[in-house]
Amino acid sequence: MMKQLSLLFWLYLNPLRTMGRLLDEGSPLFGGFAVLGICALFGFAPHPARLAGPEAAAHQPGDSYAGREIGREAVIRVERPSGPRAIIADILSSGALGTLIGLAVLYTPTLLLAASLLVPIGGFGTAFRRDFGGLLTCVFFVWAAVHLPLALWSLMSPFGELLRLAGGLLFAVGLAPAVRVALGIPLTQSALSVAGGFLGLLLAPLLYLLASPFLLILVWVFLSGNLSDVEWSLKARRDQRRHLEAATQNPRDAEAHIQLGLIHLRRNQWPEARARFEQAARIDPTDPDARFQLGRLDRRDGRFADAEEHFIAVMARDPRFSQCEVWREFGANYLDARAYEDARSALDKFVSQRPYDPEGLVLLGEALMALGRPDEGQRRLRDAIEAADAAPHYQRYAVGPWRKRAARQLSR
């Protein structure tokens, strides 16, 4: 309990680093109770009847009214619906449970669907089983961290509706970097996915259909396997992280640092990844994996000379490292540094070994175009498009951006 509370409050002090810790240590159960507690205890989302005054408090959503005029007075008969539909309506009209169900059932899956359409993270089914548990944890904790001070403020402020609107905006702003870490996607696509998640809330009026036992059985049959996979995936990833952290206690084990660095790379946590790879390189200076990843990070940061040094060290150790990808990165580094002839030479060697790699073909085509050889460059770009179109279905997400890049270059 204390660890979960500390994670919640560390979101105020160091949000970016804490979002990574949420994926490894955060409890979605605690996050759900935090959402319920903030709604219920601090009255952030009070029942509309309480806002309307004591006269309206006697009538709840879902009531039907029938009356007739007698003189100047109206006789109103309140008819309360009964049955499962009324129970579901009452639950959803509760600010606390309605918010919790909306975040878990509507918002988070829609956000994940939007991300899977925007970025090559795999199909929605794969992304759901792999990422839903961690993403839901981030959603709950970010919502709680954003709304806790606003809920306290609402106790002393008459502007409850404005605070609710501000909470929604702050939640979207705070969640974007969390999605970036959880799914390992760029910040722009994270923000678009967060915005797309709100579209799922438009389905809230249809949640009363869950009162149908037949529909509940179908939902359970469809989701039970996926939910089991979500639980297993979240537990397996956290167990792996704990085992790797334990392995780093061995001062001669470079592999554990490399694997932790790869985890940070997937989450776009560049400084943490660099620290792990540098530690691995200190433990074993001849390890090509650490040097290769350090070269990629240096290239990303514009430190082209340092990246070149790392790639040369890798090629000296294993010229065919990572299925010759070291040559592709070596050439891409020269291309970014505008050393186009060196880039062409390195990329030629890579393409000769992997002639159907869309990324390598695009980079080689761009190098040739920059050298004033447009016919050869365009031919390589067309080869890249053909290779992307011929790629297996499971690789389409990865090669799609390179196909688009080649098409843009040809359209100029």
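Thresholds, definitions, all that
Residues numbered from 1 in each chain as written. Predicted model: local features only at pLDDT ≥ 70, side-chain atom pairs only at ≥ 80, totals over all residues. Heavy atoms only, no water. Helix = DSSP H or I, 4+ residues; strand = E, 2+ residues; numbered from the N terminus. Contact = heavy atoms within 4.5 Å. Areas by Shrake-Rupley, 256 points an atom, 1.4 Å probe, with all protein chains shown as cover. Salt bridge = Lys/Arg side-chain N within 4 Å of Asp/Glu carboxyl O. Buried < 20%, exposed > 50% of the residue type's maximum accessible area, 1.4 Å probe, protein only. Axes fitted to C-alpha atoms, helices over the stretch in contact; angles between N-to-C directions. Left-handed = near helix turned anticlockwise from the far one by under 90°. Nonpolar A, V, L, I, M, F, W, Y, C, P; charged D, E, K, R; others polar. Core = buried A, V, L, I, M, F, W, Y, C linked by side-chain atoms within 4.5 Å. Arc of directions from axis to C-beta. Patch = residues over 30% accessible without salt bridge, like charges linked within 9 Å, V, L, I, M, F, W, Y side chains within 5 Å. Parallel < 35°, antiparallel > 145°, perpendicular 65-115°, else oblique. 1 Å grid on protein atoms, 1.4 Å probe; cavity = no way out; pocket = protein on both sides within 12 Å on 5 of 7 lines; lining within 4 Å. Points joined across faces, edges and corners; volume = space filled by probe spheres on them. pLDDT = per-residue confidence, 0-100. Expected span 1.5 Å × (residues − 1).

**A closer look at the overall build of the protein**
- When you go through the protein residue by residue, the secondary structure sums to 20 helices and two strands.
- Summarising the internal contacts of the protein: among those between residues at least 6 apart in sequence, 59% fall at separations of at least 24.
- Split by element, the accessible area of the protein, about 22200 Å² in all, is 61% carbon and sulfur.

**Concerning the pattern of salt bridges**
- On inspection of all chains with the given rule, the structure shows 23 salt bridges.
- Residues Asp298 and Arg303 are paired through a salt bridge, measuring 3.6 Å at the closest nitrogen-oxygen approach.
- In this structure, Asp348 engages Arg344 in a salt bridge whose closest nitrogen and oxygen atoms are separated by 2.5 Å. Highlighted residues: Asp348 and Arg344, both in helix α17 (residues 340–353), separated by four residues, approximately one helical turn.
- Residue classification places Asp348 among the partly exposed residues on the basis of a relative accessible area of 30%.
- Taken together, the shared-partner salt bridges connect Arg274, Glu278, Asp298, Arg300, Asp301, Arg303 and Asp306 into one network.

**Quick look at the side chain of His264**
- Position of His264 among the secondary structure elements: in helix α12 (residues 254–266).
- Among all residues touching His264, those that are not within four sequence positions of it are Arg241, Gln269, Glu272, Ala273 and Arg276.

**Quick notes on the packing of helix α13 (residues 270–283) against helix α14 (residues 288–300)**
- One can describe the packing of α13 onto α14 by two numbers: an axis separation of 9 Å at closest approach and a directional angle of 145°. At the point where α13 passes α14, the crossing takes the left-handed sense. Side by side, α13 and α14 meet where Trp270, Ala273, Arg274, Phe277, Glu278, Ala280 and Ala281 of the first sit next to Ala290, Arg291, Gln293, Leu294, Leu297, Asp298 and Arg300 of the second.
- Residues of the contact of α13 with α14, tallied by class, amount to eight nonpolar, one polar and five charged.

**Focus on the nonpolar core**
- Ranked by size, the top nonpolar core spans 49 residues in total, and within it Leu103, Tyr107, Phe171, Leu175 and Val179 carry the most contacts.
- Looking at which element gives the most residues to this core, the answer is helix α8 (residues 124–154), with 17 residues.
- Each residue touching Leu103, except ones within four places of it in the same chain, is listed here: Val35, Thr108, Pro109, Leu136, Val139, Phe140, Trp143 and Phe171.
- Core analysis: the next-biggest nonpolar cluster, separate from the first, contains 30 residues, Val326, Leu381, Ile385 and Ala387 among them.

**A look at helix α10 (residues 187–197)**
- All of the buried residues along α10 are Ser190, Ser193, Val194, Gly196 and Gly197. Along the axis of α10, the buried positions cluster into a sector of 160°, meaning they face one direction only.

**Overview of a nonpolar patch on the surface**
- On the surface, a cluster of nonpolar side chains totalling about 440 Å² of accessible area is made up of Phe9, Trp10, Tyr12 and Leu13.
- Within the element layout of this structure, Tyr12 appears in helix α1 (residues 2–13).
- Residue class for Tyr12 comes out partly exposed when judged on its relative accessible area of 38%.

**Thoughts on the packing of α17 against helix α18 (residues 358–370)**
- Two numbers describe how α17 lies on α18: the axes approach to 9 Å, and their chain directions differ by 150°. In this view, α17 runs roughly antiparallel relative to α18, as classed from their interaxial angle. Handedness of the α17/α18 crossing: left-handed. Residues Tyr340, Ala343, Arg344, Leu347, Asp348, Phe350 and Val351 of α17 pack against Gly360, Leu361, Leu363, Leu364, Ala367, Leu368 and Ala370 of α18.
- By residue class, the composition of the contact of α17 with α18 is 11 nonpolar, one polar and two charged.

**Comments concerning the layout of surface pockets**
- One number sums up the size of the largest pocket: a volume of about 2000 Å³.
- If you go around the largest pocket, you meet 45 residues; those closest to its centre are Pro120, Arg296, Glu359, Ala398 and Trp402.
- For the lining of the largest pocket, the element with the most residues is helix α20 (residues 396–411), which contributes 10 residues.
- Here the residues of the lining of the largest pocket are counted per class, giving 21 nonpolar, nine polar and 15 charged.

**Examining the side chain of Gln409**
- Note that Gln409 resides in helix α20.
- In contact with Gln409, other than residues within four places in its own chain, are Glu366 and Leu381.

**Quick word on the confidence of the model for the protein**
- In this model, the protein carries an average pLDDT of 81, and 79% of its residues clear a pLDDT of 70 or more.
- Note that residues 44–82 has pLDDT below 50 and, in this model, 50 contacts with residues that lie over four places away or in other chains.
- The low-confidence segment residues 85–93, where pLDDT is below 50, has 18 contacts with residues more than four positions distant or belonging to other chains.

**A look at helix α15 (residues 304–317)**
- With 14 residues, α15 ought to run about 20 Å at 1.5 Å a step, and its terminal C-alpha atoms sit 20 Å apart, in line with that.
- Along α15, the residues classified as buried are Ala307, His310, Phe311, Val314 and Met315. Down the axis of α15, the buried set is contained in an arc of 135°. They therefore lie on one face. In α15, those exposed residues whose orientation departs by more than 90 degrees from the buried face are Ala305, Ala316 and Arg317.
- Where the residues of α15 are buried, they touch α14 and α16 (321–336).

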